[in-house]
Amino acid sequence: MMIGVLAVQGAFAEHIKMLEILGVKSFEIRNKSDLTKHFDGIILPGVESTVQGKLLRELEMFDFLKEKIKHGLPVFGTCAGMILLAEKIENDNKEYFCTMNISVVRNGYGRQLGSFNTRGNFDGKEIPLVFIRAPYISSVRDNVEILTVCNGKITAARQNNMLATAFHPEVTNNLTVHKYFIEKMVK
Ligand code: GLN
């Protein structure tokens, strides 16, 4: 199994580390030529959706990845990665992959005070949840399974081959979410 980790910006090294601990091989997707390599799944890390979206288009990777995801490539988006997958961004007129039947609110907890740690359930297990200027999911539509609700807000969900979390499991030492992605969605 081989996982591609989008590495144009953001917390990709932390994701690679998690995969390493799980014994899963991965490589960084930095430009178009990396897309010729084989990968069974992809991780879209956090940081800034506007920058990632812009770079994906400038580096001519956007359309290829959108098609792959649409046709079933397993994808795990954290934070900004979740925004890239969302069909609708409530407070932004930008559009990215739009493959997942969810609406999100960017910087949903406020810009300045939007970073906090808590604990919550993911697929029936209690895990640490780290939010960094995070979005939340304001509504879900067809075929979306809600996996985490935190303080009344949906913060993780899955739709077939797509997994999205508003929080950052890669900055904790809890492997639950990465394990879920690998074992239930990629294998
Ligand atoms: N606030 C960022 C955005 O809107 C997401 C933050 C993150 O990925 N940690 O893209």
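Our structure's up above, just so we're on the same page.
Residues numbered from 1 in each chain as written. Predicted model: local features only at pLDDT ≥ 70, side-chain atom pairs only at ≥ 80, totals over all residues. Heavy atoms only, no water.

Caption draft 1: Fine view of the pairing of strand β7 (residues 116-122). Here β7 runs beside strand β8 (residues 125-131); their pairing, made up of seven bridges, is antiparallel. In the strand pairing of β8, N121 is matched with E126. Connecting the antiparallel pair β7 and β8 is a turn made up of two residues, with D123 showing a positive phi of about 50°. (Pairing = 2+ DSSP bridges. Helix = DSSP H or I, 4+ residues; strand = E, 2+ residues; numbered from the N terminus.)

Caption draft 2: Layout of the packing of aromatic side chains. The full count for this structure, using the stated rule, is nine aromatic pairs. Ring plane angle 85° and centroid distance 5.2 Å describe the contact between F122 and Y180, whose orientation is recorded as edge-to-face. Taken together, the residues span a long stretch of sequence, with F122 in strand β7 and Y180 in helix α5 (residues 176-186) at a distance of 58 residues. Residue placement shows R57 over the ring face of F62; its charged tip is 4.1 Å from the ring centre. Sitting over the ring of F39, K68 keeps its end group 5.5 Å from the ring centre. (Phe/Tyr/Trp six-rings, centres within 6.5 Å; stacked < 30°, edge-to-face > 60°. Lys NZ or Arg CZ within 6 Å of the ring centre and 35° of its normal.)

Caption draft 3: Representation of the state of the cysteines in the model. Within this structure, the stated rule accounts for zero disulfides. Cysteine C98 shares no disulfide, and the gap to the nearest cysteine sulfur, in C79, comes to 18 Å. Here C150 stays unpaired: no disulfide links it, and the sulfur of C79, its closest cysteine neighbor, is 13 Å away. What makes C150 buried here is its relative accessible area of 5%. (Disulfide = S-S within 2.5 Å. Buried < 20%, exposed > 50% of the residue type's maximum accessible area, 1.4 Å probe, protein only.)

Caption draft 4: Molecular detail of empty space enclosed by the protein. Applying the stated criterion across every chain yields a total of one cavity of 30 Å³ or more. In terms of lining, the largest cavity is formed by V47, E48, S49, C79, A80, I83, R106, N107, I132, R133 and P135. Split into classes, the residues belonging to the lining of the largest cavity amount to six nonpolar, two polar and three charged. (1 Å grid on protein atoms, 1.4 Å probe; cavity = no way out; pocket = protein on both sides within 12 Å on 5 of 7 lines; lining within 4 Å. Points joined across faces, edges and corners; volume = space filled by probe spheres on them. Nonpolar A, V, L, I, M, F, W, Y, C, P; charged D, E, K, R; others polar.)

Caption draft 5: Here's a closer look at the pattern of salt bridges. Evaluation of the coordinates by the stated rule reveals 12 salt bridges. Between R30 and E28 there is a salt bridge, with its nearest N and O atoms 2.7 Å apart. Its relative accessible area of 41% is what places R30 among the partly exposed residues. For R106, the salt bridge goes to D92, with nearest N and O atoms at 2.8 Å. A residue pair is termed long-range when its members are at least 10 positions apart, and R106 in the loop between β6 (100-105) and β7 and D92 in the loop between β5 (86-89) and β6 qualify at 14 residues. For R106, a relative accessible area of 12% corresponds to the buried category. Note on D92: relative accessible area 18%, which makes it buried. Shared partners join several salt bridges into a network, and the residues in it are E48, D92, K94, R106 and R133. (Salt bridge = Lys/Arg side-chain N within 4 Å of Asp/Glu carboxyl O.)

Caption draft 6: Geometry of the site of the ligand. For the ligand, the full set of nearby residues is G46, V47, E48, S49, C79, A80, I83, R106, N107, I132, R133 and H168. Contact between the ligand and S49: an oxygen atom at 2.6 Å from a main-chain N or O atom of the residue. N107 places a side-chain nitrogen or oxygen 2.8 Å from a nitrogen atom of the ligand. Considering the ligand on its own, with 300 Å² of exposed area, one finds that the protein chains cover 98% of that surface. Counting atoms within 2 Å of the grid points, the majority share of the ligand lands in the largest cavity. (Near = heavy atom within 4 Å. Polar contact = N/O pair within 3.5 Å; in protein donor to acceptor, adjacent residues only side chain to side chain. Areas by Shrake-Rupley, 256 points an atom, 1.4 Å probe, with all protein chains shown as cover. Sits in = over half its atoms within 2 Å of the grid points.)

That is the geometry; function is a separate question.
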